[in-house]
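Below, each chain spelled out in residue letters.
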Amino acid sequence: MDKPGIGTRIGAAIQRIETLPFAWLFAPKTLSLRFVLATLSAGLGALYIAFLLDFNQPHWAIMTVFIVASPLPGQVFEKGLFRFAGTVVGASMAVVLIGAFDQMPELLLFSLACWLALCTGFSTLLRGFRAYGAVLAGYTCAIITLAAAAAPSQVFTLAVYRASEISLGVASMAVASILFLPGSARGAVEQRLTGALMAAVRALSELLHGREGEPPARLVGELGTIRAMVDTARSEDGRFRRLEAMLRATINGIFALKVASQGLRLAALSREWQIDSMVSGCRALLEVRTFLGTLPASPSPETSRTLLRPQISALMRALDDVVENTNVKNHAAVQLAMLCQRCRLTLVHLEAALLGLEAMATGRSVEISQRRQALKVHLDWRQAATNALRTFIAVGVASAFWIGSAWNSGAGMLTITAVICSLFATTDRPHLAALGFLKALAVGGALAVLYKAAIFPAINGFPLLALTLAPALAWSSLGAAGGPNPGGAGATGMLFLSMLVPANTFTFDAVSTFQDIGSTAAGVVFSAVAFLVVLPKNLPRMAHEQMAAVRADALRQLRIGTFAEISSFGTRSFDRLARALQLGAPVPLLLGAMSAVAAGVEAGRLRELELSPAVRLAIDEALERLNIAVRSPTLTPEGQQAELAGAIEPAMHTIVAALAETPGAEQRQLWQGLVSLDTLRLASERLNRIDNK
């Protein structure tokens, strides 16, 4: 047997090295090295310029670089923009508070606690870097206010310096990301969207084989990630903004495909349909199953345009032929036609999603027959109020402790309390995040003491300073880019710089240094205790609240919802599902919530159909009776199932009778109504499982 070539052996050796625990440090990937180059050049460049301009706290410029650094340029631009905006708002508020209450420390601290609570609550209602900007507006105000409390006349100067230092760091990292980082948020969005669509298609293919496949609820988390990346792509590529409609159409197409698949799943779970045998006995359905099972994992725009979408159109025509030639007096034939209609609906949504992906990949906007789609998110007002109140109480207690104890480093402790309580308030386990920050402080603080005591006294001039800082900062950047704990590595680098405080004129005061580290540690510990004691988070309850919100929204759709509201209802519901997944919601609860989404969508679809007065009256009566049945708290599951069947079946019989009197080409609306009613019946049977866990 021939021995493997040198290239093969080198490749195998590299793969083995990449599996080692510290491969991110000793064998970093190319992207990680480019990220280190970008952060080092931007950070040291910003520090040098801050020295030249004689800024008040030049270390904030280099700290900002490491705070906004990201492998994707779009994330640098977006985070930098909101960091700058939050800094300006927070600095302006600090000037207002000092100007109004500089002679009244109690009122000053009370007003500061109110402002921090407001910013924390507001950040809970926002997403991504917008939330970060709101948090920053709060604790920037705290940093400047507490720094200027002893010298109120200097507050405006401190605010200007702070804004200038932050702006310098943001601009430096933005330039470095353009020069050194090849990443593309737009490409990442397209790749993740394609992956989410293909996952939904695979799940649908499994259903048509008679297998349950992956629960649809498990597929919504990816779409939550994608939505968080959209703003980043907009910041990175201005052309992405012009494709906003395509993006909405693609995401909503995937949402709709998942909901349509849920109707098929409910039919399979009810054991009323033998889907595998039904598909095997129908050539059109068999072709659909084959097509879905052979779709490429990442179709190119050309393949989608010239091959896939024409195939979808041909498959839909074949399904229409089956439906139009159905003998409505034969129950088995009616069930087969309903399955064909369900599959046709999934193909419609698949075609819309492929069209959107084509447009985003080519950069050319195309006309979409669907109405304008809205992407909505869940606004958790209760959690926002809880986070705001917790921050207010924690900052208030810390302020009272500072005043009562007259601790010299109390301002530092209060500042860190404000930062931690607002920054980690929206995380699921904020006390663990605070403890992770404490670990980063221990490492960063120890490293800073080493530099101050043993290295800095021997340094003269910026070149030597840069050379000595580079190893520690490169280690932090490598950890942030590819290490096992990116957040901890980034926090360690930031705290190292915060404790080091590089300046034009360096003096080492051991007492002052350890006081800074001690006050910071005290603030972190106090914040962790506050998260555990003051309105602690109950993750199972929060997950159930998300599901209950889905159910309440679905019940509203049953009562008064229209098809025009489906986009808002569906995307808001999927946002809640993604959040519930993060909180660890159990699968039965998620399946019940998916059924609620399907029920709400089908109720809106039924109100959109153009039907005869007799059929419309029967459907309206069915929806009214259904709404009463699902809201009844006294019915047993068996009684509710009978009540639901009694509400839906008369309308279904009316539609079947109308089908017998309607020409084949004009039956599509009636068949859709029949399918929607059947899905509504099956979904409503599971809807109350959200409450009956």
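Residues numbered from 1 in each chain as written. Predicted model: local features only at pLDDT ≥ 70, side-chain atom pairs only at ≥ 80, totals over all residues. Heavy atoms only, no water.

## Section: the overall build of the protein chain
Argument step 1. The helix and strand tally for the protein chain stands at 28 helices and 0 strands.
Argument step 2. Considering the protein chain as a whole, with its 693 residues, one finds that 53% of them fall into the buried category.
Argument step 3. The contacts of the protein chain with a sequence gap of at least 6 include a subset with a gap of at least 24, amounting to 80%.
Argument step 4. Accessible area of the protein chain: about 29900 Å², with a carbon and sulfur share of 60%. (Helix = DSSP H or I, 4+ residues; strand = E, 2+ residues; numbered from the N terminus. Buried < 20%, exposed > 50% of the residue type's maximum accessible area, 1.4 Å probe, protein only. Contact = heavy atoms within 4.5 Å. Areas by Shrake-Rupley, 256 points an atom, 1.4 Å probe, with all protein chains shown as cover.)

## Re the pattern of salt bridges
Side-chain pairing between opposite charges can occur once the charged atoms of the two side chains come close.
Argument step 1. For the structure shown, the criterion picks out 16 salt bridges.
Argument step 2. Between Arg 344 and Asp 320 there is a salt bridge; the shortest N-O distance is 2.7 Å. Placement of Arg 344 in helix H16 (residues 331–362) and of Asp 320 in helix H15 (residues 301–324) is noted, with a sequence separation of 24 residues between them.
Argument step 3. With a relative accessible area of 13%, Arg 344 lands in the buried category.
Argument step 4. A salt bridge links Glu 545 to Arg 541; the shortest N-O distance between them is 2.4 Å. In this pair, Glu 545 and Arg 541 are both assigned in helix H23 (residues 539–560), 4 residues apart and thus about one turn of the helix distant.
Argument step 5. Since its relative accessible area comes to 22%, Glu 545 is described here as partly exposed.
Argument step 6. The structure contains a network of salt bridges with shared partners spanning Asp 320, Arg 344 and Arg 668. (Salt bridge = Lys/Arg side-chain N within 4 Å of Asp/Glu carboxyl O.)

## What about the side chain of Ser 519?
Argument step 1. Secondary-structure assignment places Ser 519 in helix H22 (residues 510–533).
Argument step 2. Overall, Ser 519 belongs to the buried group, its relative accessible area being 5%.

## A short note on the nonpolar core
Argument step 1. Among the nonpolar cores identified, the biggest contains 103 residues, and Leu 197, Leu 292, Leu 350 and Trp 671 are the most heavily contacted of them.
Argument step 2. Per-element tally for this core: the top contributor is H16, with 13 residues.
Argument step 3. In this view, Trp 671 contacts Val 323, Thr 326, Val 328, Val 334, Ala 337, Met 338, Gln 341 and Leu 659; residues no more than four positions away in its chain are not counted.
Argument step 4. Within the second largest apolar cluster, 91 residues are counted, among which are Leu 40, Ala 148, Phe 437 and Val 449. (Core = buried A, V, L, I, M, F, W, Y, C linked by side-chain atoms within 4.5 Å.)

## Topic: the confidence of the model for the protein chain
Regions with low pLDDT carry predicted coordinates that are not meant to be interpreted in detail.
Argument step 1. In this model, the protein chain carries a mean pLDDT of 85, and residues with pLDDT of at least 70 account for 86%.
Argument step 2. Per-element confidence in the protein chain ranges from a low mean pLDDT of 57 for helix H1 (residues 6–18) to a high of 96 for helix H6 (residues 105–124). (pLDDT = per-residue confidence, 0-100.)

## What about a nonpolar patch on the surface?
Argument step 1. A cluster of nonpolar side chains, Tyr 48, Ile 49, Leu 52 and Leu 53, forms an exposed patch at the surface whose accessible area comes to about 390 Å².
Argument step 2. Inspection of the secondary structure assignment puts Ile 49 in helix H3 (residues 30–52).
Argument step 3. The exposure class assigned to Ile 49 is partly exposed, which follows from its relative accessible area of 34%. (Patch = residues over 30% accessible without salt bridge, like charges linked within 9 Å, V, L, I, M, F, W, Y side chains within 5 Å.)

## Topic: the packing of H6 against helix H17 (residues 381–405)
Argument step 1. Contact geometry of H6 with H17 gives a least axis separation of 8 Å together with a crossing angle of 155°. On the basis of their axis angle, the class for H6 and H17 is roughly antiparallel. Note that H6 runs across H17; the crossing there is right-handed. Each of Glu 106, Leu 109, Phe 110, Ala 113, Cys 114, Leu 116, Ala 117, Thr 120, Gly 121 and Thr 124 in H6 lies in contact with H17, whose residues at this interface are Gln 383, Ala 384, Asn 387, Ala 388, Thr 391, Phe 392, Val 395, Ser 399, Trp 402 and Ile 403. (Axes fitted to C-alpha atoms, helices over the stretch in contact; angles between N-to-C directions. Parallel < 35°, antiparallel > 145°, perpendicular 65-115°, else oblique. Left-handed = near helix turned anticlockwise from the far one by under 90°.)

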